[in-house]
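Single-letter residue listing:
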Amino acid sequence: MRHAILLKPNANIPFFEEMKKMCTFETSIVLDAIGIEFSEIKVEQIGPAHYMFIETTEPIDASLFKHIENLSFYYTYFEVKDNNFIPKVQVPERYFGDDLSNRLKYNGKTNEMFTRMILNLAIYSSNYFDRTELNIFDPVCGRGTTLFEAMIRGHHAYGAELDKRSVNELGQYFQRYLKEGKYKHQIIRGKAIQNKLVFGETFEAYIGHSKEEIKKKTGKTLKILRGDTTQSNLYFKKHSMDVLVGDLPYGVQHMSKHDEGQSRTLDDLLDMSFRTWHQLLKKGGALALSWNTYTNTREELKERLEQAGYTVMDSEMYLGFHHRVSQAINRDVIVAVKK
């Protein structure tokens, strides 16, 4: 059978050109996970629009369509019969609107479509892709694009971020969004304490359809540790995260401090972080990290991840995500699983 997906337009033309290549690899990973056999995936332009065409040996069962509409570029799905496009219009069920992640603007923000893509790479490489609620952890969450994308899909979001200004902006924005949208919620700010020592600050948000749901914390959860990501295992429970997604620092200027006041290099920070994050992931959980290839090679990251206990996914479908962002940044994605 032949299928067509209309690609969602993107105002970032250079990224959209790269995305047309990357989305074929993303689709391969998703279809492989959900057990749909395919013989061809390609993107073609028809008039001003771009479509992804997929050839499958069997029809796509309606129960699997929820995975198709999760694709980062998804706009509208069609069955193609005798060159006729038969639309299968279906509005994805979302806990929050897409505006949750795209309303907040700032310099250096990761493209929301790319964020959805690496989120999918992690989810569909894990053992937990078919669950409706996951615990998503971004260990370098910045102002929260990954966390907001996770919550749009109905997942619980957890993050760590060292920069106080970023966490403050994240919290203020999310609280304002909840109030404007009239979502029932509770916000809690506090200190992260271990052995009577404060190692960070916390921002927690609990959202629910009722006060009872909020009180019992059975609705949706957002939790942020404003502190060192290498200490995130002191705040979040071990083996509690299904998926980890992050956009790694792009250069050696991104450092944190030891208590003694000495700087750590980015490589030292990665080694410590990979070991800490491994403690947080469940067995069968997966991580997807984007990074600047001018800072580390894939081989270097793979070696560091394997030393920390992960199995890196290096089949062909995982090797098509490198693309140019700017003169100083050539971005790629690496995916690994905790076996």
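Structure first, text after, so check above.
Small disclaimer: the values here were computed from a predicted structure and weren't measured.

Novice: Mind showing me how you'd approach the sheet that holds strand β1 (residues 2-7) here?
Specialist: Sheet strands pair by backbone hydrogen bonding; their relative direction is either parallel or antiparallel. Read across the sheet, five strands follow the order β2-β3-β1-β4-β5 without closing on themselves; strand pairing throughout is antiparallel. If you trace the sheet from one side to the other, it starts and ends with β2 (38-46) and β5 (84-87), each paired once. Direction aside, the axes of adjacent strands within the sheet are offset by 30 degrees on average. Where β1 lies against strand β4 (residues 74-81), six bridges are found, and the strand directions are antiparallel. Bridge assignment links Ala4 to a residue of β4, and that residue is Phe78.

Novice: What's the story with the pattern of salt bridges in this structure? I'm lost.
Specialist: Should their charged atoms come close, side chains of opposite charge can pair. Taken as a whole and judged by the stated rule, the model has 22 salt bridges. With its nearest N and O atoms 3.4 Å apart, the salt bridge here joins Asp267 to Arg304. Residue Asp267 is located in helix α8 (residues 266-280), and its partner Arg304 is located in helix α9 (residues 298-307); the two are separated by 37 residues in the primary sequence. Asp332 serves as the salt-bridge partner of Arg298, at 3.3 Å between the closest nitrogen and oxygen. Separated by 34 residues along the polypeptide, Arg298 in helix α9 and Asp332 in strand β15 (residues 329-337) bring together distant segments of the chain. With respect to burial, Arg298 and Asp332 carry one shared label: buried. The network of salt bridges with shared partners includes Lys164, Lys191, Glu201 and Arg226.

Novice: Looking at this model, I keep getting lost on the pairing of β4. Mind explaining?
Specialist: A regular strand places its side chains so that they alternate between the two faces of the sheet. In terms of residue burial, β4 counts as a mostly covered element, since six of its eight residues are buried. Across four bridges, the pairing between β4 and β5 is antiparallel. Bridge pairing in β5 links Phe78 to Pro87.

Novice: Explain the environment of Lys211 to me, please; I cannot follow it from the model alone.
Specialist: Tracing the sequence through the fold places Lys211 in helix α7 (residues 211-216). Note on Lys211: relative accessible area 72%, which makes it exposed. Spatially, the C-alpha atom of Lys211 lies 42 Å from that of Gly309, the residues being 98 residues apart in sequence.

Novice: Sorry, what's going on with the packing of aromatic side chains here?
Specialist: Two aromatic rings are characterised by how far apart their centres lie and by the angle between their planes. On inspection of all chains with the given rule, the structure shows 22 aromatic pairs. Through a chain of ring-to-ring contacts, the aromatic side chains of Tyr95, Phe96, Phe148, Tyr173, Phe174, Tyr177 and Tyr183 assemble into a single cluster. Directly above the ring of Tyr128 sits Lys282, whose terminal nitrogen or CZ lies 5.6 Å from the centroid.

What counts, and at which threshold
- Residues numbered from 1 in each chain as written.
- Predicted model: local features only at pLDDT ≥ 70, side-chain atom pairs only at ≥ 80, totals over all residues.
- Heavy atoms only, no water.
- Pairing = 2+ DSSP bridges.
- Helix = DSSP H or I, 4+ residues; strand = E, 2+ residues; numbered from the N terminus.
- Axes fitted to C-alpha atoms, helices over the stretch in contact; angles between N-to-C directions.
- Salt bridge = Lys/Arg side-chain N within 4 Å of Asp/Glu carboxyl O.
- Buried < 20%, exposed > 50% of the residue type's maximum accessible area, 1.4 Å probe, protein only.
- Phe/Tyr/Trp six-rings, centres within 6.5 Å; stacked < 30°, edge-to-face > 60°.
- Lys NZ or Arg CZ within 6 Å of the ring centre and 35° of its normal.

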